[in-house]
Amino acid sequence: MAVAERILTKTHIYLTVRAEDAETATSRAVNIYKAYITRLYENSAGVRGIRIDMEDPVERKDLPGTWTAVGTMRAEIPDDLRVLGADTPLDAWRAIVRSTWARVTREWERDLVRAESYVAITRRAVPGEEAAQESQADTPKKLIPITVHLQGQTHNIEVPDTDTLLDGCLDKGLPMKFQCKAGVCDECKVKVLKGMEFLPPPNEAELNMLGEALIKQGYRLSCQVTIKGPVEIEQ
Ligand code: FES
């Protein structure tokens, strides 16, 4: 019998819990993430290596008494993973991840804010990504604070100066729009409201995709730029 190949996946999760202080928020978020992993194993035969790296919870300025703990989940899925209505293993895993999340958020309704807690993006991990991250682990990255206005919400996050603006936001679980990550669509377009001086001049891809008129209005392709200082952007 052929052995199924395995696909490494990465999922961004946005969890918002109610808590009076950071310590309580941390322990609630850890318990919810643990319950989520347990349920995922129950719902997905053949999936292994599920791990969630959680960032320290950050108190929401717009929702006092609530804390957001962003998680990055990695899992290895077999390439024959299927569920009804999903034609690819990645789609099957997305369906499992979302339905299990819905169940866990119902079970923990008292401790979390359901409307603010969601699974943002599930994608195939880029080959070599883990190794590259590990080899860079000793290289200190400068973290830059940014403000992102997205879908009616404001997020204050920090992104490494070595990542593109898009990757920095995605790694924090923000559901940014993007498609190619190569400068050949304009899905990742953002408007820079403050801090344009910390971006490099537009490259050829940006000039081709956006044109000078949009660039003059402050639009940039977030997959094409890194930043050297604080910015405020909108998508
Ligand atoms: S994601 Fe396509 S141009 Fe940035």
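Quick caveat: nothing in here was measured; it's all calculated off a predicted structure.

Procedures and definitions
Residues numbered from 1 in each chain as written. Predicted model: local features only at pLDDT ≥ 70, side-chain atom pairs only at ≥ 80, totals over all residues. Pairing = 2+ DSSP bridges. Helix = DSSP H or I, 4+ residues; strand = E, 2+ residues; numbered from the N terminus. Axes fitted to C-alpha atoms, helices over the stretch in contact; angles between N-to-C directions. Contact = placed C-beta atoms within 7 Å. Expected span 1.5 Å × (residues − 1). Bend = angle between axes of the 7 residues up to and from the residue. Buried ≥ 20, exposed ≤ 12 C-beta atoms within 10 Å, placed from the backbone.

(A) Region of interest: the sheet that holds strand β9 (residues 219–221). Reading across from one edge, β7-β6-β10-β8-β9 is the order of the five strands in this open sheet, with mixed pairing throughout. A single partner strand is all that each edge strand has here, and the edge strands are β7 (153–160) and β9. Shown here is a sheet whose adjacent strand axes are inclined to one another by a mean of 35°, direction ignored. Across three bridges, strand β8 (residues 189–194) lies against β9 in antiparallel orientation. Its bridge partner lying in β9, Val190 is registered against Arg220. Strands β8 and β9 of the sheet are contacted by helix α5 (residues 204–216), whose axis makes an angle of about 170° with β9.

(B) View of α5. With 13 residues, α5 extends only 15 Å from end C-alpha to end C-alpha; this falls clearly short of the ideal 18 Å at 1.5 Å per step. In α5, a bend of some 95° at Leu210 exceeds every other bend along the element. Those residues of α5 lying buried are Glu206, Met209 and Leu210. The inward-facing, buried residues of α5 abut β8 and β9. Where α5 terminates, the next one or two residues include Gly218, which has phi positive at roughly 105°.

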